[in-house]
Amino acid sequence: TLRLICTTTAAQRKNVGASGPEKYTEAFIKKQIEEFNLGKRHLANMMGEDPETFTQEDIDRAIAYLFPSGLFDKQARPMMKHPTEVFPEQRKVQWGEDGRPFHFLFYTGKQSYYSLMHETYEKLLNVQKHQDQMIAQDLPLQKEKRNLAGSRWLTKIELEEMLLEKVSDDDYSRFIQLLEKLVALPCADIEEKYIQKFSKEVPVQLQKVVIEPLQYDERGVAFSTGEGKRKTARATAVVYDNGTGKVTVNGIDVLHYFPVLQDREQLLFPFQFLGRIGKHDMVCTVSGGGRSAQAGAIRLASARALSSFVTEKEVEFMRQAGLLTVDPRVKERKKPGQEGPRRKFTWKKR
Amino acid sequence: DDKLLTEPLSHPDFFSVKELFTLKDLFDARVHLGHKKGCRHRFMEPYIFGCRLDQDIIDLDQTMQHLQLALNFTAHVAYRGGIILFVSRKRQFCHLVESTARACGEYAHTRYWQGGLLTNANVQFGPGVRLPDLLIFLSTLNNVFEPHVAIRDAAKMNIPTVGVVDTNCNPCLITYPIPGNDDSPAAVEFYCKLFRMTIIRAKDKRRQSEAIEELR
């Protein structure tokens, strides 16, 4: 019996989405690399340079010279990079000629993630076995405290990059739980090398703060300068040691320059925080901005100046209190079609 | 090449699988222990020897026969270079099963089973995947005490299955059921050891036969 299989025109059309994201074959990438090398030599020739010693920086400079672009986004401008940087790294074919897959967990679907879990669990069992042996021999269990504050686990995106396959939120949290469990055991020092693969150093913020050394006056009095800004105000402050707490702004006494109490409190805050109210003198110059902005600028400048008088721990306290951070808030621009930065025009129903 | 494939089929026990285990080994590994009477599955009644203090005892003579058939079959599949997939959803033995599979050079799946793995393999993995030629279940139930989806999928895709069925499991769709305990660590380690020995033995015999053929 004949079987008539009628397909509609819709079914005959290629389903573009069904094949998944674009897969780059090895031959394609090889061709791209050849084309790139050829293009590099052409470019060197055009620029009059030696094709053999033409580096990536030279390429970038040449492209920026030949194709000037005023686009804001750097990644939207024309660029010529090596194909391995342009095309994302993809997994090659997972099975050999006879059809047998290479990895023993291939049929799970997420082979790299599950093999990672398998290895980590094996390390956990090793540690437990070692612990049992130590207890059997009555040896003390080592407990060197791992520095928990200075390191963090890999993020989900970093793990995805490491494994070259998608990791879901649940899987990621399970993996982190397993790592935490491994680290919590007393004899985890054995697998320290393995754990370090998944932990990253968190650079202590304080190292970025530069502390100026103290300078000495002609009379032998120690002083230090600091600069600060807030909105459009710019201020420089010079803080002298062995003082009485006198503050001068632009040659005028602080009581006359800042009649409002709030501004004077802002000036005093760094000193009050460190408990050095009556011990320092201050001379500052400030320009731009309004009354509150100038007060904030002087506060930042004086905090920076004071950081040279004070120990590193207290500088860290100041940083955590927010005395050393520049306030990034500026006036937001007005947008067309609106009355102000956020306010819209009055809506009339008819 | 033809002779290599047809020669093992003429012998009833080409790989001498019967020597790998005795009834005493099965008893020592606590394979005969089943679940309580209330958990008993109706289709497991022919395999049960009796019931003591509400706990079912599996008939080890029948287990011996089934185990021989199953091991013989796995040996033949491994001899012909087939892909063997170990499946188990027991969290206790997940690591053990994966290590056994890796030691044999075969494959394992002891994690969450995604729906279209066997039936929709071309879309999930890529065109031209080779599906497993044998599925070995160290435990036929999944974490919710229901029959594993892979049994039904293997039956749909015409893939033969070997499975250890406990007293609360359904032995219907499995081609070579092995009535026995799937919960004790001793029993599962015993099964893993048996499967590993058969597969390695079959692969070694294959390599020897190929070497002999090449010498001729």
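These figures come from a predicted structure and were not determined experimentally.

Novice: Mind showing me how you'd approach the environment of Asp54 of chain B here?
Specialist: Residue and element names in this part refer to chain B. Position of Asp54 relative to the elements: it lies in the loop between strand S2 (48–52) and strand S3 (55–58). Residue Asp54 is classed as partly exposed on the basis of its relative accessible area, which comes to 41%. Sequence separation between Asp54 and Lys37 is 17 residues; the distance between their C-alpha atoms is 5.3 Å. When sequence neighbours within four positions are dropped, the list of residues in contact with Asp54 reads His35, Lys36 and Lys37.

Novice: Would you mind showing me how to read the interface of chain B and chain A here?
Specialist: Many analyses report the size of an interface as the accessible area lost when the parts associate. Counting from both sides, the interface comprises 27 residues of chain B and, opposite them, 20 residues of chain A. Interface area lost by chain B to chain A is led by His95, Tyr107 and Arg111 of chain B, which between them contribute 32%. For the pair chain B and chain A, the number of links is one salt bridge. There are nine residue pairs in polar contact (both at pLDDT 80 or more) connecting chain B and chain A. Put simply, the parts of the chain that give the side of chain B that touches chain A at least two residues each are helix H4 (94–104) and strand S5 (107–109) of chain B. Of the residues forming the side of chain B that touches chain A, the biggest block, four residues, is contributed by H4 of chain B. Here the residues of the side of chain B that touches chain A sort into 11 nonpolar, nine polar and seven charged.

Novice: What exactly am I supposed to notice about the side chain of Glu106 of chain B here?
Specialist: Tracing the chain through its elements places Glu106 of chain B in the loop between H4 and S5. Here Glu106 of chain B falls in the buried class, since its relative accessible area comes to 0%. At 2.8 Å, the side chain of Glu106 of chain B and the side chain of Arg100 of chain A are in polar contact. Among residues more than four places away in sequence, those in contact with Glu106 of chain B are Arg100 and Phe104 of chain A together with Gly82, Ile83, Ile84, Phe86, Ala101, Ile199 and Lys203 of chain B.

Novice: Before we go on, may I ask you to explain the packing of aromatic side chains in this structure?
Specialist: Two descriptors summarise a pair of aromatic rings, namely the distance from one centre to the other and the angle between the planes of the rings. One pass over the full model with this rule turns up 18 aromatic pairs over all chains. An angle of 90 degrees between the planes, with centres 5.7 Å apart, marks the rings of Tyr107 of chain A and Tyr107 of chain B as edge-to-face. In this pair, Tyr107 of chain A is assigned in the loop between helix H4 (83–86) and helix H5 (111–136) and Tyr107 of chain B in strand S5, connecting two distinct chains. The burial state of Tyr107 of chain A is the same as that of Tyr107 of chain B; both residues are buried. With a centroid separation of 5.6 Å and an interplanar angle of 35 degrees, the aromatic rings of Phe223 of chain A and Tyr240 of chain A are classed as tilted. Of the two residues, Phe223 of chain A is situated in strand S4 (residues 222–230) and Tyr240 of chain A in strand S5 (residues 233–240); the sequence distance between them amounts to 17 residues. Looking at Tyr240 of chain A, the relative accessible area reads 24%, which means it is partly exposed. The ring of Phe14 of chain B has Lys205 of chain B lying over it, and the distance from NZ or CZ to the ring centre is 4.6 Å.

Calculation criteria
- Residues numbered from 1 in each chain as written.
- Chains lettered and ligands numbered in written order.
- Predicted model: local features only at pLDDT ≥ 70, side-chain atom pairs only at ≥ 80, totals over all residues.
- Heavy atoms only, no water.
- Helix = DSSP H or I, 4+ residues; strand = E, 2+ residues; numbered from the N terminus.
- Buried < 20%, exposed > 50% of the residue type's maximum accessible area, 1.4 Å probe, protein only.
- Contact = heavy atoms within 4.5 Å.
- Buried area = accessible area lost by both parts, 1.4 Å probe.
- Salt bridge = Lys/Arg side-chain N within 4 Å of Asp/Glu carboxyl O.
- Polar contact = N/O pair within 3.5 Å; in protein donor to acceptor, adjacent residues only side chain to side chain.
- Nonpolar A, V, L, I, M, F, W, Y, C, P; charged D, E, K, R; others polar.
- Phe/Tyr/Trp six-rings, centres within 6.5 Å; stacked < 30°, edge-to-face > 60°.
- Lys NZ or Arg CZ within 6 Å of the ring centre and 35° of its normal.

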